[in-house]
Amino acid sequence: MKRAFDIAASTIGLLILSPLFAIMAIWIKTDSEGPVFYKQVRVGRGNKDFKIFKFRSMKVGADKGSLISIGNEEQRVTRPGKFIRKYKLDEFPQLINVLIGDMSFVGPRPEVRHYVNYWTEEQMEVLNIRPGITDPASIRFRNESEILGKVDDPEKYYIENVMQEKLAMNLEYIRHNTIWNDIKIIFKTFSAILD
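What you are looking at is a predicted structure, and each value in this text was computed from that prediction instead of being measured.

Undergrad: Could you give me a rundown of the overall build of the chain, with the residues and numbers involved?
TA: Scanning the chain for helices and strands turns up 8 helices and 4 strands. The helix and strand sequence of the chain, counted from the amino end, reads α-β-β-α-α-β-α-β-α-α-α-α. In terms of overall size, the chain behaves like a compact globule, its C-alpha atoms giving a radius of gyration of 16 Å where 195 residues would be expected to give roughly 16 Å. Dimensions along the principal axes, computed over C-alpha positions, put the chain at roughly 45 × 45 × 35 Å. Relative to its full complement of 195 residues, the chain shows a buried share of 43%. A sequence separation of at least 24 residues applies to 68% of the contacts in the chain between residues at least 6 apart. When the accessible area of the chain is evaluated, it comes to approximately 10900 Å², of which 58% is carbon and sulfur surface.

Undergrad: Mind laying out a nonpolar patch on the surface, listing which residues take part and the relevant values?
TA: A cluster of nonpolar side chains, namely Ile 7, Leu 99 and Ile 100, defines an oily patch on the protein surface of about 250 Å² accessible area. As for its placement among the helices and strands, Ile 7 is situated in helix H1 (residues 2-31). Residue class for Ile 7 comes out partly exposed when judged on its relative accessible area of 38%.

Cut-offs applied
Residues numbered from 1 in each chain as written. Predicted model: local features only at pLDDT ≥ 70, side-chain atom pairs only at ≥ 80, totals over all residues. Heavy atoms only, no water. Helix = DSSP H or I, 4+ residues; strand = E, 2+ residues; numbered from the N terminus. Rg over C-alpha atoms; globule rule 2.2 N^0.38 Å. Buried < 20%, exposed > 50% of the residue type's maximum accessible area, 1.4 Å probe, protein only. Contact = heavy atoms within 4.5 Å. Areas by Shrake-Rupley, 256 points an atom, 1.4 Å probe, with all protein chains shown as cover. Patch = residues over 30% accessible without salt bridge, like charges linked within 9 Å, V, L, I, M, F, W, Y side chains within 5 Å. Salt bridge = Lys/Arg side-chain N within 4 Å of Asp/Glu carboxyl O.

Right, here's the structure in full:
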């Protein structure tokens, strides 16, 4: 049932949002050199790597440094990037990932391999289901880059605090995973973005 919902909703979403995708593509391409989409390797279901799609919000090559985004940082972020990050528009291309089956609408946000290597055996249970565009941890940490911008060692704080809390929330989500719970999370996500 969940997969059927994902296929139907992502197809409808891509059709409805296609004009927005065209506008975003033009804005990104005219503002800076580089591709419209940013593709990053993340860890998905079954501990397998896949490429996640996002609208590019940073200058080409800016991801060669830290894996963590801190504050508005940044010389790394483009002019459209600041806007699309604020309203999470950079996440919309992940509807492609949902349609092809790499991701679901709701599920634990996929992490990069560097941080998955820190997970315990219990935390690896998060990889038993498809990762999602949103989850309760995404709502709780919607201002994550600002939180990390206030600490002395953002990566250490992320690994020891933020990541641990996210994983605890993800394990809780997995244990109470229902389609109705997913629908509630989707509505809470839209509410958090518009807040």
